[in-house]
Amino acid sequence: MTSVDMRTPEALAEAERWTAHNYHPLPVVVTEAEGAWVTDVDGRRYLDMLAGYSALNFGHRHPGLIAAAHAQLDRVTLTSRAFVHDQFGEFCQSLAQLCGKDLVLPMNTGAEAVETAIKVSRAWGYRVKGVETDRAEIIVASDNFHGRTTTIVSFSTDPDARNDFGPYTPGFVVVPYGDLTALTDAITPNTVAVLLEPIQGEAGVLVPPAGYFAGVRAACDEHNVLLVADEIQSGLGRTGRTFAIEHEGVVPDMYVLGKALGGGIVPVSAVAADRAVLGVLKPGEHGSTFGGNPLACAVGIEVVRLLATGEFQRRSAELGERLHEGLNALVGKGVVTVRGRGLWAGVDIDPALMTGRQACERLAERGVLAKDTHGSTIRLAPPLVVTAEELDHAVAQLAAILAG
Ligand SMILES: Cc1ncc(COP(=O)(O)O)c(C=O)c1O
């Protein structure tokens, strides 16, 4: 093994040399992090305005979460689901109660939770709704992002996510996001579920028209179809509420959760639904070696405890207003549009000025980390522990790069 000089260019070259090129990271090599800040190998500090795509809602190394993880590391970390461990019941109960649902099924990554939701919806369709075997249909939206498995990319409309990964899994019907008529028209007697993001993150933080989800809920009720909300990125405080769909006054049949559920420490995902839905599964039909492991559950219990205080939702709502005010003041000064809710924003930059990637590179040079998506859009999703002053700082840096 060669020893690597850990200064940024050398560390970047080493990482590039040994990895598949399925990501194109910014030229920053992080070595430490705390709260809303990360430090690179050269000792430079950056304000993290991405927060692991919402996996770090509580900030880097939140003391309560780290303490829960440490305490669990000293006791037991993995049992498999062949045995029960003492963190499992409390985690499932507390998460079910947070969601207002009867049951929880824990997995690890977001994509696994989405796969779980798809399997449960299909099984419910055959066993409860009475759909003929192998005829189940699930309605999804254009520009969706639900993960990277072969089934999930089968219903992606993003060529980068999908091309050359076929043959694709059948059973999905794509309709335009936010178009209630198109969705209602797509419902057939074989429709078992509608799977939607309450706000589409990867697509550029797209907020659907007011009343859309209320309409979707009504259509699902009328046709005995499950409404499945993928809250993996939008949920757990990000938008100023526990779940983004709450803003629409709608309760889905199934929540799909991930990212922040693991407290930025371990991958933890889950689906939550009532017994009439999630109760369709029988032993042996679904599972995961690591799903619901003791370390994941110990961290997850603390995540739910933090959310139960309401503090993070409140911060996101209040500070979100400040963030959006600051960003909206840049409209016409290099910013074309700002979308989002709470501490979550999609910012379309004038493409004549720079691409989203260039904007993120320039922000990084000024000590602010953000992520581009699709051309000239950048996404801002700071940890919910960020302060008002830090937000003002980030907006000021954006203003500065746009002013040239
Ligand atoms: C809405 C949504 N669903 C699912 C996923 C997939 O999660 P994971 O990357 O943990 O598989 C993501 C990840 O960005 C997401 O934003």
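One can find the structure itself at the top, above this paragraph.
Not measured: the values here are computed from a predicted model. (Residues numbered from 1 in each chain as written. Predicted model: local features only at pLDDT ≥ 70, side-chain atom pairs only at ≥ 80, totals over all residues. Heavy atoms only, no water.)

To continue, consider the overall build of the protein chain. The secondary structure content of the protein chain amounts to 14 helices and 15 strands. At 21 Å, the protein chain has a C-alpha radius of gyration in line with the 22 Å of a compact globule built from 404 residues. With respect to the three principal axes, the spread of C-alpha positions in the protein chain is 60 × 50 × 45 Å. Taken across its 404 residues, the protein chain has 54% of its residues classed as buried. Across the protein chain, every contact between residues at least 6 apart in sequence was considered, and the portion connecting residues at least 24 apart equals 70%. Accessible area for the protein chain stands at about 17,600 Å²; split by element, carbon and sulfur atoms hold 53% of it. Of the side-chain charges in the protein chain, 33 are positive and 48 negative, and the distance between the mean point of each set is 2 Å. (Helix = DSSP H or I, 4+ residues; strand = E, 2+ residues; numbered from the N terminus. Rg over C-alpha atoms; globule rule 2.2 N^0.38 Å. Buried < 20%, exposed > 50% of the residue type's maximum accessible area, 1.4 Å probe, protein only. Contact = heavy atoms within 4.5 Å. Areas by Shrake-Rupley, 256 points an atom, 1.4 Å probe, with all protein chains shown as cover. Lys, Arg positive; Asp, Glu negative; His and termini not counted. Charge placed at Lys NZ, Arg CZ, Asp CG, Glu CD.)

It is worth spelling out helix H12 (residues 311-328) at this point. Two residues of an α-helix separated by three or four positions point the same way, owing to the 3.6 residues in each turn. Spanning 18 residues, H12 covers 25 Å between terminal C-alpha atoms, matching the ideal 26 Å at 1.5 Å per step. Helix geometry: H12 is bent most strongly at Leu319, by close to 25 degrees. The complete set of buried residues in H12 reads Phe312, Gln313, Ser316, Leu319, Gly320, Leu323, His324 and Leu327. Considering only its buried residues, H12 is in contact with helix H11 (294-308), strand S11 (335-340), strand S12 (345-349), strand S15 (377-380) and helix H14 (388-402). (Expected span 1.5 Å × (residues − 1). Bend = angle between axes of the 7 residues up to and from the residue.)

Take the packing of helix H3 (residues 63-73) against H11 next. One way to put it is that H3 packs onto H11 with a least axis distance of 9 Å and a crossing angle of 155 degrees. By the criterion of interaxial angle, the relationship of H3 to H11 is roughly antiparallel. Viewed along their axes, H3 and H11 form a crossing whose handedness is right-handed. Facing Gly64, Leu65, Ala68, Ala69, Gln72 and Leu73 of H3, the residues of H11 in contact are Pro294, Leu295, Ala298, Val299, Glu302, Val303 and Leu306. Partitioned by chemical class, the residues of the contact of H3 with H11 number 10 nonpolar, 2 polar and 1 charged. (Axes fitted to C-alpha atoms, helices over the stretch in contact; angles between N-to-C directions. Parallel < 35°, antiparallel > 145°, perpendicular 65-115°, else oblique. Left-handed = near helix turned anticlockwise from the far one by under 90°. Nonpolar A, V, L, I, M, F, W, Y, C, P; charged D, E, K, R; others polar.)

Glancing now at the state of the cysteines. Overall, the coordinates contain 0 disulfides when judged by the stated rule. Here Cys220 stays unpaired: no disulfide links it, and the sulfur of Cys99, its closest cysteine neighbor, is 18 Å away. Here Cys297 is not disulfide-linked; the sulfur of Cys92 is the nearest cysteine sulfur, at 5.8 Å. The class for Cys297 is buried, based on a relative accessible area of 1%. (Disulfide = S-S within 2.5 Å.)

Let us now look at the sheet that holds strand S13 (residues 368-369). In spatial order, the strands read S1-S2-S3-S13; together these 4 strands make up an open sheet with mixed pairing. Edge positions in the sheet fall to strand S1 (30-34) and S13, since each has one partner strand and no second. Bridge analysis of S1 against strand S2 (residues 37-40) gives 4 bridges, and the strand direction is antiparallel. Each bridged residue has a counterpart across the sheet, and for Val30 the counterpart in S2 is Asp40. (Pairing = 2+ DSSP bridges.)

So, about the pattern of salt bridges. Taken as a whole and judged by the stated rule, the model has 16 salt bridges. Among the ionic pairs, Arg305 bridges to Glu90, the shortest N-O distance being 3.4 Å. A residue pair is termed long-range when its members are at least 10 positions apart, and Arg305 in helix H11 and Glu90 in helix H4 (residues 88-99) qualify at 215 residues. Residue classification places Arg305 among the partly exposed residues on the basis of a relative accessible area of 46%. The class of Glu90 is partly exposed, set by a relative accessible area of 38%. Arg339 serves as the salt-bridge partner of Asp348, at 2.7 Å between the closest nitrogen and oxygen. What emerges from the salt-bridge pattern is a single network uniting Glu90, Glu302 and Arg305. (Salt bridge = Lys/Arg side-chain N within 4 Å of Asp/Glu carboxyl O.)

Distances and angles like these do not, on their own, reveal function.
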